[in-house]
Amino acid sequence: MASTKLVIHLQGIGSFPVTTSDDSETIELISADEPSGVVISSVQFSDQDQDAKLEYTLSADNGVDENGNVVADEEATEFFEIKQGEDNQAHLVVKNSLLNSNISTVNLEITARDGAHPKEPATSVRRVIVIPREPESQTDQVSLNLVPFPRNITIPRNLPTGSFIYRAVVLPKKNNLTFSIEPEHIFKIFSDGSIITQKELTEEPQTINLTVEVTDGTGRKSSTESTQIVLKKTSKAHFSEQLYEANVPRGSPEGTVVTLVSAVNAKGEPVRDFVLKGGNSKLFTVDEQGTIKTNGDLSTGAEFDFLVAVASDSTVNAPVHVELAEPRSPSINLVENQIFATVFDNLPINSYVGKFEVQGDEKVTFSMSSDEKGMSNLFAIEQDGTIRSTDWLSGFEGMHKLSVLASNMDPAGVRSTNATVVVDVIKSNECVPRFKKYENLIFYVRENTPQDTVIGKVSAEILPGKCDLKYSLGNEEILTINPANGELKTAKEFDFEKQKSHLLTLKLVAAEHNSVETTAELRIMDVDDHKVRFDLTEQTVEVPEDIPPSAVIATVRAVEEDDQPVFYHLGPSSPPQFSLHSTTGAVIVEQPLDREENYKFTIEIGASNSADTLPAEWLGSMKLIVLVKDVNDNGPMFDRTHYSAVVDKDIVIGSRIIELHAADPDVEDQGKKLEYSVTGASFEYRGMSRNVEDVFDINPVDGKVYTLKSLSDYVGGVFNVHLQVRDTVDGTIGKSGLKVYVHDNSDLLSMELPYAPSTVTTQIVDEFSQQLSNSTGLSALAKKISYKAPHGLMSTNSVDLQLIFFNKTIEEIVPAEKVLAVQEMRMRNSPNVVKGIPELRKPASPYLMIEKREDTFIQPELFCIVLGFLVLLAIVLSLCGMMACFSRSRFLREKKIVENEMAIKDAIQFPSNRSPALVSFKHYVPPTPEMYRNHEEHMYRSSNLNEKVGSYAVQQATIIVAEQEDKI
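Residues numbered from 1 in each chain as written. Predicted model: local features only at pLDDT ≥ 70, side-chain atom pairs only at ≥ 80, totals over all residues. Heavy atoms only, no water.

For the protein, the name recorded in an unreviewed UniProt entry is Cadherin domain-containing protein, with Caenorhabditis japonica as its organism. Recorded in UniProt for the protein, the comment headed Subcellular location (unreviewed entry) runs: "Membrane". (UniProt positions renumbered as here; feature names shortened; annotations may be inferred.)

Structure follows, in structure tokens:
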């Protein structure tokens, strides 16, 4: 045998826990009329941490209303709350009026924790709130009730003999009360409940258990109240309690004792002079013994708070909280008032028989008795209502009846109720439960089956009816069983992928005590309820461009939680360079890769449970992005395979012809230095070719090609210049060709582009060059673009494109006259082919259009100027004509006014003309139908006026004044 020493170091959490010096549990008697905001109790917490931040919470339990019913914890907390005071004080105050509730008693727990150190343990204190609610008429009907003592009463150890300690208060107040106290050799109690010391306490232990009992003249006793006297050395005046709380029945008469306070001075002598302070202090009085009584009508409120202080030093004080209590139920309510139990004669001692439960979890005291001889020795009841056997029951077969008494004492008195227990003792061999033999105890259920689905049934051998067979299951979270017939139902939905089977424990109970157990199995059947899915919806891989075919670049994986095969498919738009293994998900290279052609591939991959599945039927899909990494497998390359340039025969020696550009397509070589050079040149003219030297050269750095000699001897031909670019690092080269056409000014042709200069692009020039090539059958090559009209005036809306044409077969420049003749011929033969194409012209010729040809040499700018002048001239002439017309009209008006004035004067001087006599009229017969057939009009005329038959006529004389002279 060997041993060693083990040293264990306990490491703290690095901070101090929350503590309190107040009593952990006290009883507070308050009134239901107390207004909101009244302080019921104050608790002093402390925490030595410098950064402590105390937080308070309030919880309630064991709430009972005036009828003995349980009050929900949430309802109880609606009427109380915690308010934080100074120096880490927590004040329990009334939140809402208690008149709106029936709460009689409730346990409130105040918890304080340090928010800055959440791992510190919390500290809690309990306050039992008693709210008397019993009417005055019932006061005489209740038994005696001692107001519960505080759990601890702290007094100085050096108190002299005869010092006051505490006063026991009895509710309701009665005369002829007798008190007894233990230990009586240390303490003495008077008929008014005052407790004093009978000896010095210097030799006594630190804590002394004190018990008080009260009886009245009838000999009826109240329940005993106990507390602990804590001896503490003190050197300053203080009250025996930090807070006094009391409950007063609503409607109590004036002078009702509320509570008793006690204090000692700095010498440890009891204080005999007290005063009350505060807004509610006028409703109460206090005598020299510290007895606080009511001094008025308390119906105006539900709770009252004030201070009791020492008269000689008001700084020594203690808060007092008084609440009005509402009436309560006179009896206790049990969940069941009668219990029937069947037990076997071989029931072990201390076995469970039954249990009485109190509604609302009210604390009561149970006692049990029986009229049958010896029956009280066979059974006993515990304080929580549990009935157990206390002896062997063999020989006591049959029915037995026991009586149970449940009682409770609160500040208003004692309440009680009666209940009955009927025990049927049967022989043990009559009720032996057994499951049926050979019964299949393996049950099956499909996954995702709804809850409460019947999956099977278990059976037992038949027993007598009094055996009361009951089935139970030890796996209630999985299945439920009907206790009467053994029917099994699902209690939840199952998932095959999480667990494939469950072990069950079946239990069969007979007569509540005989039982048998067996095991069963629940097997889950798989259902294809999970879709195939990819963990990654997109994945990227990098491969070098020189990777060989048949190489695997990636392997994709799809998750199938069901027991099903997985097949992989390529999407219809996937590149042909790759293939996919249908069962392993391996992506394989099928064709060589070239980063310069395509550096990125996107492969769409799908998964399903079938080998032949369309993309629309895929259960899951993903994208595999393949990035091709560059490998140095390419040399530098020109941006074009062939270049073309048109130069004038009179070009100055050393002039730049064209600027070439080259680059290395490999990513790693893009920053390398390139060197340009001319490797050779030839001249071709009318089908003949010869090599030439020292005609062209190129700048090795920037790629600019320039002439080395005059080209006037090479008009009409073309140079084929061989170009080369070399990588100065690895020596790789790239080649291209340059064709240089030498022309004379007479070979140039121009055309006007129907575009503004700012909109002309290289693409537009190439399109028109191609159209001209098609319309003439020759190759058109753009020479230059001019934004100035041939006659020297700048035109902002016209672009002049100069071109040369050459034969497509022998690449010989075609003279301008021949090109114009070819286009003219094609315009006549195929007008639809060249329709809409601007006409070619000599650079000095006027603008002409194919769609609208005019034999005029007027330029558009000159035409616009002339047209503007004519319009301005027309406007001036129109204004002159309008002014002349206005002057003539004014003259005629003035003339007419003068003539009218003269006519009026003449009319006044000479008599007016008389109107001639009227011609007589004659009525004729209306016209006949024959006259109508002759188309003669039916009208009335005078016979002097050649009128027709049946007509009338009227003469009228008119005098015209101031008219023209020839009409008067």
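Moving on, there is more to tell.
Looking now at the nonpolar core. Counting residues in hydrophobic clusters, the biggest one holds 53 residues, and the most contacted among them are F45, F80, I129, F239, F284 and V308. What F45 contacts, discounting residues up to four positions off in sequence, is V18, T19, T20, L54, Y56, D87, N88, A90, I110, A112, T123 and V125. Ranked by size, the runner-up nonpolar core spans 27 residues in total, among them V647, Y676, V725 and V740. (Core = buried A, V, L, I, M, F, W, Y, C linked by side-chain atoms within 4.5 Å. Buried < 20%, exposed > 50% of the residue type's maximum accessible area, 1.4 Å probe, protein only. Contact = heavy atoms within 4.5 Å.)

Moving on: the pattern of salt bridges. Applying the stated criterion to the full structure yields twelve salt bridges. Here R388 ties to E382 by a salt bridge, and the two come within 3.1 Å at their closest N and O atoms. Relative accessible area serves as the criterion here: at 25%, R388 is assigned to the partly exposed category. Its relative accessible area of 32% is what places E382 among the partly exposed residues. (Salt bridge = Lys/Arg side-chain N within 4 Å of Asp/Glu carboxyl O.)

Taken as a whole and judged by the stated rule, the model has three cavities of 30 Å³ or more. If you go around the largest cavity, you meet 17 residues; those closest to its centre are I27, V147, P148, Y166 and E245. (1 Å grid on protein atoms, 1.4 Å probe; cavity = no way out; pocket = protein on both sides within 12 Å on 5 of 7 lines; lining within 4 Å. Points joined across faces, edges and corners; volume = space filled by probe spheres on them.)

The subject of this paragraph is the sheet that holds strand β3 (residues 39–46). Read from one edge of the open sheet, four strands run β1-β3-β7-β6, paired in antiparallel fashion. Of all strands in the sheet, those bounded by a partner on one side alone are β1 (19–20) and β6 (80–84). Relative to strand β7 (residues 89–94), β6 is paired through five bridges, and the arrangement is antiparallel. Note on β7: the bridge partner recorded for Q84 is A90. (Pairing = 2+ DSSP bridges. Helix = DSSP H or I, 4+ residues; strand = E, 2+ residues; numbered from the N terminus.)

Let us look at helix α2 (residues 762–776). The end-to-end C-alpha distance of α2, which contains 15 residues, comes to 21 Å, matching closely the 21 Å that a straight helix rising 1.5 Å per residue would cover. For α2, the secondary structure elements touched by its buried residues are β59 (749–753), β60 (779–786), β61 (799–806) and α3 (816–829). Of the residues one or two after α2, G777 is the one with positive phi, at around 80°. (Expected span 1.5 Å × (residues − 1).)

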